[in-house]
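Chains, contacts and geometry: an overview
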Amino acid sequence: MATGANVRAALLLVLMCVLRRSEALWLSLPASGTKCVSEEIQSNVVVLADYVVIYDDHVHPTPTISAKVTSPYGNPIHRQENVTHGQFAFTTSEGGNYLTCFWVDGQNHGGGDVSLNIDWKTGIAAKDWDSVARKEKIEGVELQLTKLEGAVEAIHENLLSLRSRSGDAGCE
């Protein structure tokens, strides 16, 4: 017979798996100004991101953008300028709110907003499962179980982090 805690853990696992399927973000960058996204991430978590300008105006050249990623303490992690696409990868050194900002470089397009697609992955979603499968010589159901085991470990770490933060805030 399943206990209440086991049922809650199973439901949380299913919820996390469903939510992690949508990893892509779309931003509409104004011709002038900056758009930023942020995520609170624990320390020692892998972060991978790819971004690309989506521009269908065949009259003007594809506009270029700049990108900047900073740690919770304002330390620079990534910066690129005058690009139409880019990527970054890092392992967090401190827990907190990581900020990523994008802006259009100058007036090098026909004006108006510029669409940007960002594929942002953290933690277990950023793991290279093809390499794991080759290295451990696993496939099919065994690979899926290995992925689930990794997800359970990540959820457990997140729950411990939430628990310690709620204790720090005086909530029990």
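Note that the structure is a prediction, hence the values are computed from the model and not measured.

The next subject is the sheet that holds strand β4 (residues 65-70). Each strand in a sheet pairs with another by means of backbone hydrogen bonds, the pair being arranged parallel or else antiparallel. Read from one edge of the open sheet, four strands run β2-β7-β4-β5, paired in antiparallel fashion. At either margin of the open sheet sits one strand with a lone partner, and together these are β2 (34-41) and β5 (76-83). Ignoring strand direction, the axes of neighbouring strands in this sheet form an average angle of 10°. As paired strands, β2 and strand β7 (residues 96-104) are joined by eight bridges and run antiparallel to one another. Considered in β7, the bridge of V37 is made with T100.

What follows deals with the pairing of strand β8 (residues 114-122). With six bridges connecting them, strand β1 (residues 24-29) and β8 associate as antiparallel partners. For A24, the partnering residue across the bridge sits in β8 and is D119.

Aromatic ring pairs: the centre-centre distance and the angle between the two ring planes describe each pair. The full count for this structure, using the stated rule, is five aromatic pairs. Between the aromatic rings of Y51 and F88, the centroid separation amounts to 6.3 Å while the plane-to-plane angle is 45°, which identifies the pairing as tilted. A residue pair is termed long-range when its members are at least 10 positions apart, and Y51 in strand β3 (residues 46-54) and F88 in strand β6 (residues 85-91) qualify at 37 residues. Among the residues examined, Y51 registers a relative accessible area of 1% and is labelled buried.

Together, W26, V52 and I54 make up an exposed nonpolar region whose accessible area comes to about 280 Å². Among the secondary structure elements, V52 is positioned in strand β3. Note on V52: relative accessible area 30%, which makes it partly exposed.

Okay, the confidence of the model for the chain next. The predicted model of the chain averages 77 in pLDDT, with 71% of residues at 70 or higher. Here helix α1 (residues 4-19) stands out as the element of the chain with the lowest mean pLDDT, 49, in contrast to β4, whose mean of 96 is the highest. Contacts for the low-pLDDT stretch residues 11-22, under 50 throughout, to residues beyond four places or in other chains number eleven contacts.

Located in the positive-phi region is N44, a residue other than glycine, with phi close to 60°. Among the secondary structure elements, N44 is positioned in the loop between β2 and β3. Positive phi, close to 55°, is recorded for N82, a residue that is not glycine. Positionally, N82 belongs in strand β5.

This next bit is on the side chain of T70. By the element assignment, T70 lies in strand β4. In this structure, T70 is in contact with N75, P76, I77, Y98 and L99, ignoring residues within four places of it in sequence.

With that settled, consider the pattern of salt bridges. Pairs may arise between side chains of opposite charge once their charged atoms sit close together. In this structure the tally under the stated criterion is one salt bridge. Between R79 and E81 there is a salt bridge, and its shortest N-O distance comes to 2.8 Å. E81 sits in the partly exposed class, given a relative accessible area of 45%.

Counting through the fold element by element, T100 comes out in strand β7. Setting aside its immediate chain neighbours within four residues, T100 contacts K35, C36, V37, K68, V69, F88 and W120.

A few words on the nonpolar core. One broad trend across soluble globular proteins is that nonpolar side chains are buried collectively. Of all hydrophobic cores here, the largest spans 23 residues; its most connected members are L29, Y51, I65, F88, F102 and L116. Those elements that place two or more of their residues in this core are β1, β2, β3, β4, β6, β7 and β8. Among all residues touching L116, those that are not within four sequence positions of it are L25, W26, L27, L29, Y51, V52, V53, I65 and F102.

What counts as what
- Residues numbered from 1 in each chain as written.
- Predicted model: local features only at pLDDT ≥ 70, side-chain atom pairs only at ≥ 80, totals over all residues.
- Heavy atoms only, no water.
- Pairing = 2+ DSSP bridges.
- Helix = DSSP H or I, 4+ residues; strand = E, 2+ residues; numbered from the N terminus.
- Axes fitted to C-alpha atoms, helices over the stretch in contact; angles between N-to-C directions.
- Phe/Tyr/Trp six-rings, centres within 6.5 Å; stacked < 30°, edge-to-face > 60°.
- Buried < 20%, exposed > 50% of the residue type's maximum accessible area, 1.4 Å probe, protein only.
- Patch = residues over 30% accessible without salt bridge, like charges linked within 9 Å, V, L, I, M, F, W, Y side chains within 5 Å.
- Areas by Shrake-Rupley, 256 points an atom, 1.4 Å probe, with all protein chains shown as cover.
- Salt bridge = Lys/Arg side-chain N within 4 Å of Asp/Glu carboxyl O.
- pLDDT = per-residue confidence, 0-100.
- Contact = heavy atoms within 4.5 Å.
- Core = buried A, V, L, I, M, F, W, Y, C linked by side-chain atoms within 4.5 Å.

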